[in-house]
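What follows is the residue order along each chain.
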Amino acid sequence: MDDPLIVVALLLVAASATVAVATRDPARQALVLAVLGTVLAVLFTVLQAPDVALSQLAVGSALTPLLIMLSVRRVRRPRRKKETDR
């Protein structure tokens, strides 16, 4: 195991987690969360846990940000009035 590589991965995790917390816009937060998930997957790979890294890559980097983006889109979309509401 390479200790400097672990330190770099931990610093990247800390930096991306800080940016995720500091970001105010939900759409940008979802993108930063995807980056954080990828960095965590790299950290798990460095720590020799490839099964956890694959799970993190699938859920933390792809699925969770996608669901957040879809939710933000749904909330921000203006509602149309039906013809019966006139």
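See the structure shown above.
Given the structure is predicted, the values throughout are model-derived calculations rather than measurements. (Residues numbered from 1 in each chain as written. Predicted model: local features only at pLDDT ≥ 70, side-chain atom pairs only at ≥ 80, totals over all residues. Heavy atoms only, no water.)

**Q** Explain the environment of Pro-78 here, please?
**A** With respect to the helices and strands, the residue Pro-78 is situated in the segment after α3 (50-76). It is 27 Å that separates the C-alpha atoms of Pro-78 and Ala-20, two residues lying 58 residues apart in sequence. (Helix = DSSP H or I, 4+ residues; strand = E, 2+ residues; numbered from the N terminus.)

**Q** Hey, could you run me through the environment of Val-32 in this one?
**A** One can find Val-32 in helix α2 (residues 26-46). On the basis of relative accessible area, Val-32 is assigned to the buried category, the value being 17%. Sequence separation of Val-32 and Ala-53 is 21 residues, and the distance between their C-alpha atoms is 18 Å. Once residues within four sequence positions are removed from consideration, Val-32 is found in contact with Ser-16, Val-19, Ala-20 and Thr-23. (Buried < 20%, exposed > 50% of the residue type's maximum accessible area, 1.4 Å probe, protein only. Contact = heavy atoms within 4.5 Å.)

**Q** Is there a simple way to think about α3 in this case?
**A** Working note: α-helix, 3.6 residues per turn, so residues spaced by three or four point in the same direction. Here α3 contains 27 residues, and its C-alpha end-to-end distance of 38 Å stays within 8% of the 39 Å for a straight helix at 1.5 Å per residue. Approximately 30 degrees is the largest bend angle found in α3, and it occurs at Gln-56. Among the residues of α3, Ala-53, Gln-56, Gly-60, Ser-61, Pro-65 and Val-72 are the ones counted as buried. Packed against the buried residues of α3 are α2. (Expected span 1.5 Å × (residues − 1). Bend = angle between axes of the 7 residues up to and from the residue.)

**Q** Sorry, what's going on with a nonpolar patch on the surface here?
**A** Together, Val-59, Leu-63, Leu-66, Leu-67 and Leu-70 give the surface a local cluster of nonpolar side chains, amounting to about 450 Å² of exposed area. Positionally, Leu-66 belongs in helix α3. (Patch = residues over 30% accessible without salt bridge, like charges linked within 9 Å, V, L, I, M, F, W, Y side chains within 5 Å. Areas by Shrake-Rupley, 256 points an atom, 1.4 Å probe, with all protein chains shown as cover. Salt bridge = Lys/Arg side-chain N within 4 Å of Asp/Glu carboxyl O.)

**Q** Got a minute to help me understand the packing of α2 against α3 in this structure?
**A** Between two packed helices, both the angle of their axes relative to each other and the distance between the axes serve to describe the pair. Axis separation between α2 and α3 bottoms out at 8 Å; the angle between their running directions is 175 degrees. The orientation of α2 with respect to α3, classified from their angle, is roughly antiparallel. Mapping the contact onto sequence places Pro-26, Ala-27, Ala-30, Leu-33, Ala-34, Gly-37, Thr-38, Leu-40, Ala-41, Phe-44 and Thr-45 in α2 and Val-52, Ala-53, Gln-56, Leu-57, Gly-60, Ser-61, Thr-64, Pro-65, Ile-68, Met-69, Val-72 and Arg-76 in α3. A breakdown of the residues in the contact of α2 with α3 according to their chemical character gives 15 nonpolar, 7 polar and 1 charged. (Axes fitted to C-alpha atoms, helices over the stretch in contact; angles between N-to-C directions. Parallel < 35°, antiparallel > 145°, perpendicular 65-115°, else oblique. Nonpolar A, V, L, I, M, F, W, Y, C, P; charged D, E, K, R; others polar.)

**Q** I would appreciate a short explanation of the environment of Ala-20 in the present structure.
**A** Following the sequence through the fold, Ala-20 ends up in helix α1 (residues 3-22). In the structure, Ala-20 is positioned 13 residues away from Leu-33 in sequence and 6.3 Å away in space, judged by C-alpha atoms.

**Q** Which parts of the structure should I look at to understand unusual backbone geometry?
**A** Most of the time, phi is negative for any residue but glycine, and the peptide bond is trans. With phi around 65 degrees, Gln-48 is a residue other than glycine that occupies positive phi space. By the secondary structure assignment, Gln-48 is in the loop between α2 and α3.

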